[in-house]
Amino acid sequence: MKYLYLVRHAKSSWDYPELPDFERPLNKRGKRNAPEMGIRLVSRGIKLDAVVSSPANRALTTAKTIADQLDFPIDKIIEDEAVYHATGSALVSTIRCFSDEWKSVMLVGHNPVFTDLANYLKEADYYISNVPTCGVVAIEFATNRWQDITKNSGRLLFFDYPKKAL
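Residues numbered from 1 in each chain as written. Predicted model: local features only at pLDDT ≥ 70, side-chain atom pairs only at ≥ 80, totals over all residues. Heavy atoms only, no water.

Trainee: Explain the pairing of strand 2 (residues 50-53) to me, and be specific about the residues and the numbers.
Mentor: Of the two faces of strand 2, both are covered, the one formed by Ala50 and Val52 as well as the one formed by Val51 and Ser53. In this sheet, strand 4 (residues 104-109) lies alongside strand 2 in parallel orientation, the contact comprising 4 bridges. Its bridge partner lying in strand 4, Val51 is registered against Met106. By the bridge criterion, 2 bridges tie strand 2 to strand 3 (residues 78-79) in an arrangement that is parallel. The residue of strand 3 that forms the bridge with Val52 is Ile78. Remark: the strand 2/helix 2 (residues 57-69)/strand 3 crossover connection has right-handed handedness. (Buried < 20%, exposed > 50% of the residue type's maximum accessible area, 1.4 Å probe, protein only. Helix = DSSP H or I, 4+ residues; strand = E, 2+ residues; numbered from the N terminus. Pairing = 2+ DSSP bridges. Right-handed = clockwise from strand over helix to strand, strands pointing away.)

Next comes the structure, spelled out in structure tokens:
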């Protein structure tokens, strides 16, 4: 089995219009939501073998915050520039190239591509209209090889986000 946790970055700040998009930080809500979502993942017993993140400030900060909650070494987070600019098909290619030694991977990035990717990968019986900021889509694949992942080949384990009632 393979487990993929798609995480949209936490809420970012627009307080600094002079900053390029790539450098935007998290706002107060984002700084509050990221550790909260990490704690929720801990409560589900999530253990990660890898974390792959867009290197954009808001995504990488989200990845580091959640990884810290999960006791995943922050210095082991893989920054992948392709995740920042990725299309859905490019992200599928990225996922298919993950090491088969990794059973459980958290991928941190951006919308709208993460919503599209979630709907592409999971069974078609449940449609996700939007993965909100700091939302997590957990998908299980009945395979031992990432390269075997195809459209609708995953089973949705859960879809969680900060404003969702517990």
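Trainee: Run through the pattern of salt bridges, naming residues and quoting values.
Mentor: This model, assessed by the stated rule, comprises 6 salt bridges. Two residues, Asp21 and Arg24, come together in a salt bridge whose shortest N-O distance is 2.9 Å. Of the residues examined, Arg24 reaches a relative accessible area of 7% and is grouped as buried. Between Asp160 and Arg40 there is a salt bridge; the shortest N-O distance is 2.7 Å. In this pair, Asp160 is assigned in strand 6 (residues 154-160) and Arg40 in helix 1 (residues 28-43), connecting sequence segments 120 residues apart. For the pair Asp160 and Arg40, one class covers both residues: buried. Salt bridges sharing common partners tie together Asp21, Arg24 and Arg58. (Salt bridge = Lys/Arg side-chain N within 4 Å of Asp/Glu carboxyl O.)

Trainee: Tell me about unusual backbone geometry, residues and numbers included.
Mentor: Negative phi values dominate among residues other than glycine, just as trans dominates among peptide bonds. Residues Asn111 and Pro112 are joined by a peptide bond in cis, for which omega reads 5°. Mapped onto the elements of the fold, Pro112 is located in the loop between strand 4 and helix 5 (113-121). Unusually for a residue other than glycine, Asn152 sits at a positive phi of about 60°. Along the chain, Asn152 turns up in the loop between strand 5 (136-141) and strand 6.

Trainee: Describe the environment of Pro132, listing the residues and the values that go with them.
Mentor: Turning to its location among the elements, Pro132 is positioned in the loop between helix 5 and strand 5. Taking C-alpha positions, Pro132 is 14 Å from Phe158, a pair spaced 26 residues apart along the chain.

Trainee: I'd like to hear about the packing of aromatic side chains, residue by residue, with values.
Mentor: Inspection of the entire model under this criterion finds 6 aromatic pairs. Relative to Phe158, the ring of Tyr5 lies with its centre 6.3 Å away and its plane at 35°, an arrangement referred to as tilted. Of the two residues, Tyr5 sits in strand 1 (residues 2-8) while Phe158 sits in strand 6, which places them 153 residues apart along the sequence. Judged by its relative accessible area of 6%, Tyr5 falls in the buried class. Relative accessible area serves as the criterion here: at 10%, Phe158 is assigned to the buried category. When the ring of Phe159 is compared with that of Tyr161, the centres are 5.2 Å apart and the planes differ by 50°; the resulting orientation is tilted. Of the aromatic side chains, those joined through ring pairs into one cluster are Phe98, Trp102, Phe141 and Trp146. Over the face of the ring belonging to Trp14 we find Arg24, whose NZ or CZ atom lies 3.7 Å from the ring centre. Cation over ring: Arg44 sits above Phe158, and NZ or CZ is 3.6 Å from the ring centre. (Phe/Tyr/Trp six-rings, centres within 6.5 Å; stacked < 30°, edge-to-face > 60°. Lys NZ or Arg CZ within 6 Å of the ring centre and 35° of its normal.)

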